[in-house]
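Take a look at the letters that make up each chain.
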Amino acid sequence: MARIVKLSRIEDGRQQADGTVANGLLARVASVPWEALAMLVAFVSVAYVATVLLSQNSSSTRLLSLQRQPALHLASFNECIGATRVTCVVDGDTIWLDGIKIRIADIDTPEVGSPGCAEELALGRQATQRLIELLNIGPFSLETAGARDEDVYGRKLRVFTRDGKSLGRMLVDEGLAHVWDGSKHSWCA
């Protein structure tokens, strides 16, 4: 319940009911009911936290949001080593970017983790190194491909482009990838 305090104006401040003088904000705060002040502080705190969380929108949402004009991404890539993967290249068609695993949706490259033959392993290593080079040249865009957002392994499916050209298609043109047609093809003779 609010307490009513009768104040009378004096020349340099406000006179409180007990006769003491308070200036400006202190006098106004003293006359506000504490319950209302506590609710205001709680509301402002919740609003601040919500604003901070929304403004810091997770990198995955920013990175993978569907946009009319895809955002450009620029990062320094190396080959993935060890279990901790943030921004690195796994192989010729899979990367980690800001902690998100992404599969290049428009190509299939030779395997390096479980190759079917020595030739596949050698081509897979070349594809991996070439992808690192292509990504490190400059900014690139990630665009959705088709209706699926993820593959069966939980990797985001994206087409990587720069200046409207598919980086995956560059690997195909160099003989380091096949165009993805929905099934894997052998790299072994």
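Residues numbered from 1 in each chain as written. Predicted model: local features only at pLDDT ≥ 70, side-chain atom pairs only at ≥ 80, totals over all residues. Heavy atoms only, no water.

**Student:** Can you help me understand the overall build of the protein chain in this one?
**Tutor:** On a plain count of helices and strands, the protein chain comes out with 5 helices and 12 strands. Counting over 189 residues, the protein chain shows a buried share of 30%. Considering only intrachain contacts with a sequence separation of at least 6, the fraction spanning at least 24 residues in the protein chain is 52%. As displayed, the protein chain has an accessible area near 12,300 Å², and 57% of this comes from carbon and sulfur atoms. (Helix = DSSP H or I, 4+ residues; strand = E, 2+ residues; numbered from the N terminus. Buried < 20%, exposed > 50% of the residue type's maximum accessible area, 1.4 Å probe, protein only. Contact = heavy atoms within 4.5 Å. Areas by Shrake-Rupley, 256 points an atom, 1.4 Å probe, with all protein chains shown as cover.)

**Student:** Would you explain the state of the cysteines in this entry?
**Tutor:** Covalent bonding between the sulfur atoms of two cysteines is what defines a disulfide. Across all of its chains, the model carries 2 disulfides by this definition. Bridging Cys117 to Cys188, the disulfide has an S-S length of 2.1 Å. Of note, the bridge from Cys117 to Cys188 carries an S-S torsion of about -105° and is left-handed in sense. Remark: Cys188 occurs in the segment after strand S12 (178–179) and Cys117 occurs in the loop between strand S8 (107–108) and helix H4 (118–137); sequence separation between them is 71 residues. The class for Cys117 is partly exposed, based on a relative accessible area of 22%. For the protein chain, the bonded cysteines connect in the pattern 1-2, 3-4 when numbered consecutively along the sequence. (Disulfide = S-S within 2.5 Å.)

**Student:** What is the right way to look at the pattern of salt bridges in this model?
**Tutor:** Opposite charge on two side chains permits pairing when their charged atoms draw close. By the definition in use, this model includes 11 salt bridges. Across the salt bridge formed by Asp108 and Lys184, the nearest N and O atoms sit 2.9 Å from each other. Residue Asp108 is located in strand S8, and its partner Lys184 is located in the segment after S12; the two are separated by 76 residues in the primary sequence. Exposure remark for Asp108: the relative accessible area of 2% places this residue in the buried category. A salt bridge links Arg130 to Glu174, with the nearest nitrogen and oxygen atoms 2.8 Å apart. Highlighted residues: Arg130 in helix H4 and Glu174 in the loop between helix H5 (167–173) and S12, separated in sequence by 44 residues. The partly exposed category is assigned to Glu174, whose relative accessible area is 39%. One network of salt bridges, in which partners are shared, links Asp93, Arg103, Asp108, Glu111 and Lys184. (Salt bridge = Lys/Arg side-chain N within 4 Å of Asp/Glu carboxyl O.)

**Student:** What is the right way to read the nonpolar core from this model?
**Tutor:** Ranked by size, the top nonpolar core spans 23 residues in total, and within it Ile95, Leu135, Phe140 and Phe160 carry the most contacts. Elements with a contribution of two residues or more to this core: strand S6 (94–97), strand S7 (100–104), H4, strand S9 (140–144) and H5. At 6 residues, the largest contribution of residues to this core is made by H4. Sequence-distant contacts of Phe160, that is, excluding residues within four places in its chain, are made with Ile95, Ile102, Ile104, Leu135, Phe140, Ser141, Leu142, Lys165, Ser166, Leu167 and Gly168. (Core = buried A, V, L, I, M, F, W, Y, C linked by side-chain atoms within 4.5 Å.)

**Student:** Please clarify how the packing of aromatic side chains should be interpreted in this entry.
**Tutor:** Any pair of aromatic rings gets described here by the distance separating the centres and the angle formed by the planes. Enumeration according to the criterion identifies 2 aromatic pairs in this entry. Judged by centre distance (6.1 Å) and plane angle (50°), the rings of Phe77 and Phe140 are tilted. Taken together, the residues Phe77 in the loop between strand S4 (72–73) and strand S5 (88–91) and Phe140 in strand S9 connect sequence positions 63 residues apart. Taking relative accessible area as the criterion, Phe140 reaches 1% and is therefore assigned buried. (Phe/Tyr/Trp six-rings, centres within 6.5 Å; stacked < 30°, edge-to-face > 60°.)

**Student:** Explain the pairing of S7 here, please?
**Tutor:** Two faces belong to every sheet, and in a regular strand the side chains alternate between them. Most of S7 is tucked away: 4 of the 5 residues are buried. Of the strand pairs in this sheet, S6 and S7 are connected by 4 bridges, and their pairing is antiparallel. Counterpart to Trp96 in the pairing with S7 is Lys101. Hairpin connection of S6 to S7: 2 residues between the antiparallel strands, including Asp98 at a positive phi of 55°. (Pairing = 2+ DSSP bridges.)

**Student:** Please explain the environment of Gly116 as it appears in this structure.
**Tutor:** Tracing the backbone shows Gly116 in the loop between S8 and H4. Overall, Gly116 belongs to the exposed group, its relative accessible area being 61%. A C-alpha to C-alpha distance of 7.6 Å links Gly116 and Trp187, two positions 71 residues apart in sequence.

All quantities given are derived from atomic positions and should not be read as evidence of function.
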